[in-house]
Amino acid sequence: MARRQWTSGEADRAEFREERRSLFRITVAPTIWALHFAASYAVAGLTCARLADDGPDVVLMRLVIGAGTLVALGLIVWLGWRSWQQWDASDEGRRLDDQPTSRDRHRFLGHAAFLLSIVSFIGVIYTVLPVLLIGSCL
Amino acid sequence: MGKSRGLRTFAMILGPGVLLSACDGPQSALSATGADAIAMEGLFWVMLIGATLIWILINGLIYYVTRVYTGSLSPRLAHGLIVGGGIIFPLVVVTSLLVYGLSAMPEQRAMGDGVKLRITGEQWWWRVEYWPEGADPANPPVAVSANEIRLPAGSRAEIELTAAKVIHSFWIPALGGKLDMFPGRVTRMSLKPLSVGVYRGQCAEFCGQSHALMALNAVVMEPGDFDAWLKAEAQDAAPPKGYAATRGAEIFAQQGCGACHAVRGTPARGGVGPDLTHLGGRTSLAAGILPMDREALMKWILSPASLKPGARMPGYDHLEREDLSALATYLEGLK
């Protein structure tokens, strides 16, 4: 009830809508990582189980996974950039977002999304290292 | 008090020393002689030394901040320590180890370019089949043996692994990593031994009552010696020489040993137990648990299950001692 004193119902709803989007956005980078992980293992598993051991299929598989990796990394970098901006939405510089205000909540979600983007970026790199370094189904 | 403290110090020094002695010998990943085992030994030492250094560093830091410098640290330094030591350092270490480990893997899984072997895990022995370099494994093997593998030094042997009834695992620590053997499925590995010698392997997956008694010797030979050996191994058994061996061959036939065992070149064609065509030429008996001599053979034939609990071969304790001795002489002569 106290909030009604300093913000209107309309603004409240707009803020809630924005935070709901932010909350959804922090899950996107880890989701891309998870999808990239599942897709890479599925493509490698299917290629190695069903097709030739070391033939052109393996080269194609590496190219497909490589392309998927570039797309995943690109999306994660973009999300990271968006959340970096959200974290630093004010001109006070980055700091701990620990106040119970809508601005701090907004920045906190950006902060969390930014850190999760970094973890997801590293996760995608780790997932793809075997394809890069091993290069055969054996 | 002084004496017991001295004893304790002595035990603390001696204890690990005694344990370290197990790091040597024919069955040790730390006396690696195969290319793959050498790579893994390198990985082990890098990890051990790295982990020790990190352990010393962390404990040193704990000691420093609790005993040496107990004043407060600047938030800037603390923050730097957390980000540098807690995030960046582990990231660099884990990434380096991942790249190092992964880049060592293709060589470990490389296709063999020399002799081909198929090894089947049985309860509790190993069926071993050989194809020479260039042969098609779709054809029957040129030689069938058991409980011992022979490999030429310097080339990479291709090894197919499978199992008869339960899961086993094939592991010769001095030559390479271990790999499980599954009934109804073929797994493959390759080994590149580099030094001539006899190494010991052991079933490394619990496979029943006598799992611990399922070992084998891996004899690494000079390539020329290996070729000669494989040629001889592919031959039929030599006819028995001398009275005792001839009598032993008769007993072998009378007792129906050939129902389970094969001796190529004789009517014995059984495939249930190990092929005995060149039994006497092997370096051990009963899957690495006994020496290959007449006494051990007699002991084994008399009562296999007392040496290897659960073994399905019946004991031949009804045989006269002379007959048992003749049978052992015949088997020992199957070089």
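Analysis parameters
- Residues numbered from 1 in each chain as written.
- Chains lettered and ligands numbered in written order.
- Predicted model: local features only at pLDDT ≥ 70, side-chain atom pairs only at ≥ 80, totals over all residues.
- Heavy atoms only, no water.
- Contact = heavy atoms within 4.5 Å.
- Buried area = accessible area lost by both parts, 1.4 Å probe.
- Salt bridge = Lys/Arg side-chain N within 4 Å of Asp/Glu carboxyl O.
- Nonpolar A, V, L, I, M, F, W, Y, C, P; charged D, E, K, R; others polar.
- Domains from an automatic or database assignment.
- Polar contact = N/O pair within 3.5 Å; in protein donor to acceptor, adjacent residues only side chain to side chain.
- Helix = DSSP H or I, 4+ residues; strand = E, 2+ residues; numbered from the N terminus.
- Buried < 20%, exposed > 50% of the residue type's maximum accessible area, 1.4 Å probe, protein only.
- Arc of directions from axis to C-beta.
- Pairing = 2+ DSSP bridges.
- Axes fitted to C-alpha atoms, helices over the stretch in contact; angles between N-to-C directions.
- Patch = residues over 30% accessible without salt bridge, like charges linked within 9 Å, V, L, I, M, F, W, Y side chains within 5 Å.
- Areas by Shrake-Rupley, 256 points an atom, 1.4 Å probe, with all protein chains shown as cover.
- Lys, Arg positive; Asp, Glu negative; His and termini not counted.
- Charge placed at Lys NZ, Arg CZ, Asp CG, Glu CD.

1. Thoughts on the interface of chain A and chain B
- Each side of the interface is counted separately: chain A has 7 residues, and chain B has 12 residues.
- With both sides pooled, the region where chain A packs onto chain B buries about 900 Å², and carbon together with sulfur makes up 82% of that total.
- Its largest share of buried area at the contact with chain B, chain A owes to Tyr126, Leu133 and Leu138 of chain A, together 63% of the area lost on that side.
- Counting the contacts that link chain A with chain B gives 0 salt bridges.
- Among the residues forming the side of chain A that touches chain B, the class breakdown is 7 nonpolar, no polar and no charged.

2. Some thoughts on the domain arrangement of chain B
Residues and elements named next belong to chain B.
- Taken domain by domain, chain B consists of domain 1 (27-71 + 109-233) and domain 2 (243-332).
- Just the C-alpha atoms count here: the centres of domain 1 and domain 2 sit 29 Å apart.
- Between domain 1 and domain 2, the residue contacts involve 23 residues of the former and 21 residues of the latter.
- Buried surface at the junction of domain 1 and domain 2, both sides included, amounts to about 1,700 Å², of which 45% is carbon and sulfur.
- Of all residues in domain 1, Trp124, Leu213 and Glu233 bury the most surface against domain 2, accounting for 27% of the area lost on that side.
- Summed over the shared surface of domain 1 and domain 2, the result is 0 salt bridges.
- On inspection of domain 1 and its partner domain 2, the count reaches 14 residue pairs in polar contact (both at pLDDT 80 or more).
- When residues of the side of domain 1 that touches domain 2 are traced back to their parent elements, those giving at least two are strand S2 (125-131), strand S3 (143-146), strand S4 (148-152), strand S10 (215-221) and helix H4 (223-233).
- In terms of residue count, the dominant contributor to the side of domain 1 that touches domain 2 is S10 (4 residues).
- When the residues that make up the side of domain 1 that touches domain 2 are grouped by side-chain class, the tally is 12 nonpolar, 5 polar and 6 charged.

3. Things to note about the pattern of salt bridges
Residue and element names in this part refer to chain B.
- One pass over the structure, following the stated rule, counts 9 salt bridges over all chains.
- Note that Arg118 and Glu160 form a salt bridge whose closest N and O atoms lie 2.9 Å from each other. Of the two residues, Arg118 is situated in strand S1 (residues 116-122) and Glu160 in strand S5 (residues 157-163); the sequence distance between them amounts to 42 residues.
- Glu148 is paired through a salt bridge with Arg150; the nearest N and O atoms lie 2.9 Å apart. Like Arg150, Glu148 is buried.
- Residues participating in the shared-partner salt-bridge network are Asp36, Glu107 and Arg156.

4. Section: the side chain of Ser28 of chain B
- Position of Ser28 of chain B among the secondary structure elements: in the loop between helix H1 (2-20) and helix H2 (35-68).
- One polar contact links the side chain of Ser28 of chain B to the main-chain amide nitrogen of Leu30 of chain B, over a distance of 2.9 Å.

5. Brief notes about H4 of chain B
Residues and elements named next belong to chain B.
- If you check which residues of H4 are buried, you get Phe226, Trp229, Leu230 and Glu233. Take H4 and look down its axis: the buried residues cluster within an arc of 100°, on one side only. Along H4, the residues that are exposed and aim more than 90 degrees away from the buried face are Asp227 and Lys231.

6. Examining the sheet that holds S2 of chain B
Residue and element names in this part refer to chain B.
- Taking strand neighbours across the sheet as the criterion, the 5 strands line up as S3-S2-S1-S5-S8 in an open arrangement whose pairing is mixed. Looking at which strands have only one partner, the edges of the open sheet turn out to be S3 and strand S8 (187-191). Averaged over all neighbouring strand pairs, the angle between strand axes comes to 25°, with direction disregarded.
- Taken together, the 7 bridges between S1 and S2 define a ladder with antiparallel strand orientation. Bridged to Arg118 within S2 is Glu129.

7. Quick word on the environment of Gly74 of chain A
- On the secondary structure map, Gly74 of chain A appears in helix H3 (residues 56-87).
- We classify Gly74 of chain A as partly exposed; its relative accessible area is 39%.

8. Focus: a negative patch on the surface
- Among the surface-exposed residues, Asp113, Glu133, Glu222, Asp225 and Asp227 of chain B lie close enough to one another that they form a single negatively charged patch.
- Assignment of secondary structure puts Asp227 of chain B in helix H4.

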